[in-house]
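Residues per chain, in single letters:
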Amino acid sequence: MPTLSELAQSHTDLDNEDVGWLQLLMADWQILADLSFADLVLWLPDKSGNGFWAAGQMRPTTGPTAYVDDIVGMFVPKGRHATLDDAVDAGRLVREGDPEWRDDLPVRVETIPVRRAGRIIAVLSRNTNLLGVRTPSKLELSYLQTAADLTQMVANGYFPAVGQRSDHTDTPRVGDGFVRVDADGVVDYASPNALSVFRRLGLSGDLAGQSLAGMTRALVPPRKRPDEETLSAVLGGRAHRDTEIDTGVMAIIMRSIPLRPRGEAIGALVLLRDVTDLRRRDRELVTKDATIREIHHRVKNNLQTVAALLRMQSRRVDSGVAQDALNEAVRRVGSIALVHEILSQQAVEETVEFDEIADRLALMVGEVTSVGVPVRVRREGSFGSLPSEVATPMAMVVTELLQNAVEHGYRGSGPGDAETGKIVMSVRQQPAGHLRVTIEDDGHGLPDGFSLDTSTNLGLSIVKTLVEGELGGRLSLGPRPTGHGARAAVELPLEL
């Protein structure tokens, strides 16, 4: 399904500012659809003047839909729907006299010109399924009157307004709580859900006829309220803004949309949402986040203690073979500890930025090498974000392959060999969600007759088990394609 930007770029003469205006409108048009009990479709005039492109569609949550199928991307030739043409030509809201029948549904169609900076840049069609129409209640009449004011604002270029979009992902919806205030901030009408919100704050009477800001001041202690300017601007309906009140017992998001269909403010729509349970869960998540990071921190400390004990033990054994084995164990424990250290320092997420881990592992391997030449490791490409359950085994794999390249590629190097060993760790994201990691060295290369399947090397056995068993990937080891040295390659799916 094409996006608004793609359709505008391909088929219209709209500039970036026009598209930005339409994106602001679409960011908030669920409110208009719900207040209208109708489907909304955004139509873009074709640059050739031959018709209109459907660039967006929104169904109401307060009534039955008039469109069963999605129509975004559809082209309507000029003359097919006269109301679209009339909205552009007349520059005003146009309503058909008789309903249009779609799939045995009677649909009333209205078209509203979308004006920006004095120009009509699109047409908004409002499609009401008349099978859902009944004698309207006071709530529905208030919804429809507010919808009429908003559509007039769209036609006159007053809606949307820059800065009106809420920063909250849990911004109030029409059904959460609807209040309409007049130009003085006095409540004309409050929906039952809005009344319930204020009753939980302590309201005993009705909201109608009361100052919304004044009533809130009376119910909420000063230290629990936003600053006076914000409170007056939002609850007085003077600004496109939102605010949140948290009394400690309950939390409410309040959002104001001033109504000025002909330019002069006549009142405002104020939407309310009780987010008490959401905020409680947010606090629980913060506590959980801190707990999990503390667990990672303690695991890291315990692993470092284990590594220290192994180092102490290695200094107390006389066998060189035993010392080498203990030192390898120290390195493996250290690579796991490094992952937990990174996890303890970041917010709890399902993914881990692995580049820092890989770079620190490469530095650690290069520093602890005891071969005859210094070895430098360079990373090319990025691991990006890896699932947290992949990070620990991947750290082990990288450590073992780097250490194997150092130990077997450069051990015994002497005069005539390279002054510095060079290892390149290349990382590449492949199609179909696969990650390919290759580690190439310019060392001695693999011994004659080497086979990964018959190798008894413990490090390679660990890598093979982790890659093929735990990560569901593939491991290959062979000569470097150009020059001397060896190359190890790991390919694994990113979505396990």
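Here, the structure is the one placed above.
Residues numbered from 1 in each chain as written. Predicted model: local features only at pLDDT ≥ 70, side-chain atom pairs only at ≥ 80, totals over all residues. Heavy atoms only, no water.

Novice: Tell me about the overall build of the protein, and name the residues and values.
Specialist: When its secondary structure is counted, the protein shows twelve helices and 19 strands. The C-alpha radius of gyration of the protein comes to 33 Å, more than 25% above the 23 Å expected for a compact globule of 496 residues. Its C-alpha atoms give the protein principal-axis dimensions of roughly 95 × 60 × 40 Å. The 496 residues of the protein split such that 48% are buried. Long-range pairs, those at least 24 residues apart, make up 60% of the contacts in the protein between residues at least 6 apart in sequence. Roughly 24200 Å² of accessible area belongs to the protein as shown, and the carbon and sulfur atoms make up 50% of that amount. (Helix = DSSP H or I, 4+ residues; strand = E, 2+ residues; numbered from the N terminus. Rg over C-alpha atoms; globule rule 2.2 N^0.38 Å. Buried < 20%, exposed > 50% of the residue type's maximum accessible area, 1.4 Å probe, protein only. Contact = heavy atoms within 4.5 Å. Areas by Shrake-Rupley, 256 points an atom, 1.4 Å probe, with all protein chains shown as cover.)

Novice: Pulling in residues and values, what's your account of the sheet that holds strand β18 (residues 474-479)?
Specialist: Strand pairing in a sheet takes place through backbone hydrogen bonds and is either antiparallel or parallel in direction. One open sheet accounts for five strands, arranged β14-β16-β17-β19-β18; its pairing is mixed. Two strands lie at the open edges of the sheet, namely β14 (375-380) and β18, each paired on one side alone. On average, each strand axis in the sheet is tilted by 15 degrees relative to the strand beside it, whichever way the strands run. Strand contacts of helix α12 (residues 458-470): β18 and β19 (486-493), with the helix running at about 140 degrees to β18, the strand carrying the most contacts. (Pairing = 2+ DSSP bridges. Axes fitted to C-alpha atoms, helices over the stretch in contact; angles between N-to-C directions.)

Novice: Can you explain helix α3 (residues 82-90)? Please cite residues and give values.
Specialist: Taken together, the buried positions of α3 are occupied by T83, L84, D85 and A87. In this fold, the buried residues of α3 make contact with β1 (39-45), β2 (51-58), β3 (75-77), β4 (94-95), β6 (105-116) and β7 (119-129).

Novice: Provide a residue-level description of the packing of aromatic side chains, including the pertinent values.
Specialist: The description of an aromatic ring pair rests on the distance of the ring centres and on the angle between the ring planes. In total, this model carries five aromatic pairs according to the counting rule given. Their ring planes at 50 degrees and their centres at 4.8 Å tell us that W53 and F75 sit as a pair that is tilted. Of this pair, W53 sits in strand β2 while F75 sits in strand β3; the two residues are 22 residues apart in sequence, bridging distant segments of the chain. On the accessibility criterion, W53 (16% relative accessible area) is buried. You can call F75 partly exposed: its relative accessible area is 30%. Here the aromatic rings of Y143 and F178 are separated by 5.0 Å at their centres, their planes lie at 65 degrees, and the arrangement is edge-to-face. On the criterion of sequence distance, the pair formed by Y143 in helix α4 (residues 138-156) and F178 in strand β8 (residues 178-182) is long-range, its members being 35 residues apart. Classification of Y143 as buried rests on a relative accessible area of 6%. Put simply, the rings of F37, Y143, F178 and Y189 pair up and form one aromatic cluster. (Phe/Tyr/Trp six-rings, centres within 6.5 Å; stacked < 30°, edge-to-face > 60°.)

Novice: Help me get a handle on the pattern of salt bridges, residues and values and all.
Specialist: Overall, the coordinates contain 24 salt bridges when judged by the stated rule. Two residues, R379 and D355, come together in a salt bridge whose shortest N-O distance is 3.6 Å. Taken together, the positions of R379 in strand β14 and D355 in helix α10 (residues 355-368) put the pair 24 residues apart, joining distant regions of the chain. Put simply, E17, D18, R116 and R119 are held in one network by salt bridges that share partners. (Salt bridge = Lys/Arg side-chain N within 4 Å of Asp/Glu carboxyl O.)

Novice: Explain the nonpolar core to me, and be specific about the residues and the numbers.
Specialist: Core analysis: the largest hydrophobic core is formed by 41 residues, its most contacted members being F354, F383 and M394. Put simply, the parts of the chain that give this core at least two residues each are α10, α11 (388-410), β16 (421-430), β17 (434-441), α12 and β19. No other element matches α11, which puts twelve residues into this core. Every residue in contact with F354, bar those within four places of it in the chain, is listed here: F383, G384, L386, A391, M394, A395 and V398. Membership of the second largest hydrophobic core comes to 40 residues, among which are L32, V72, A122 and I257. (Core = buried A, V, L, I, M, F, W, Y, C linked by side-chain atoms within 4.5 Å.)

Novice: Pulling in residues and values, what's your account of the pairing of β8?
Specialist: Among the five residues of β8, four are classified as buried, and the element is accordingly described as predominantly covered. Of the strand pairs in this sheet, β8 and strand β9 (residues 187-190) are connected by three bridges, and their pairing is antiparallel. Note on β9: the bridge partner recorded for V179 is A190.

Novice: How would you sum up the sheet that holds β9? Please name residues and give values.
Specialist: Taken together, five strands build an open sheet; the order of strands is β9-β8-β12-β11-β10 and the sheet is antiparallel. For this open sheet the edge positions go to β9 and β10 (241-246), each flanked by a neighbour on one side alone. Neighbour to neighbour, the strand axes of the sheet diverge by 20 degrees on average, direction disregarded. For strand β11 (residues 251-259) and strand β12 (residues 267-274), the ladder comprises eight bridges, and the chain directions are antiparallel.

Novice: Break down the packing of helix α1 (residues 4-11) against helix α2 (residues 16-36) for me, citing the residues and quoting the values.
Specialist: For any two helices packed against each other, the geometry is given by the interaxial angle and the distance between the axes. Taken N-terminus to C-terminus, the directions of α1 and α2 make an angle of 150 degrees; their axes are 11 Å apart at the nearest point. As for how α1 packs across α2, the hand of that crossing is right-handed. Contact with α1, carried on its side by L4, S5 and A8, involves V19, L22, Q23 and M26 of α2 and no other residues of that element. Residues of the contact of α1 with α2, tallied by class, amount to five nonpolar, two polar and no charged. (Left-handed = near helix turned anticlockwise from the far one by under 90°. Nonpolar A, V, L, I, M, F, W, Y, C, P; charged D, E, K, R; others polar.)

Novice: Report on the environment of R95, specifying residues and quantitative values.
Specialist: Relative to the assigned elements, R95 resides in strand β4. Spatially, the C-alpha atoms of R95 and F354 are 58 Å apart, while their sequence positions differ by 259 residues. Here R95 is in contact with R108, V109 and E110, once residues within four sequence places are set aside. Of the polar contacts made by the side chain of R95, one reaches the side chain of E110; its length is 2.7 Å. (Polar contact = N/O pair within 3.5 Å; in protein donor to acceptor, adjacent residues only side chain to side chain.)

Novice: How would you summarise the packing of α11 against α12 if you had to cite specific residues and measurements?
Specialist: Their axes nearest at 9 Å, the elements α11 and α12 cross at an angle of 145 degrees. In this structure, α11 crosses over α12, and the sense of that crossing is left-handed. On α12, the residues touching P393, M396, V397, E400, L401 and N404 of α11 are G459, L460, I462, V463, L466, V467 and E470. Taken together, the residues of the contact of α11 with α12 sort by class into nine nonpolar, two polar and two charged.

By themselves, these are just geometric observations and shouldn't be taken as functional.
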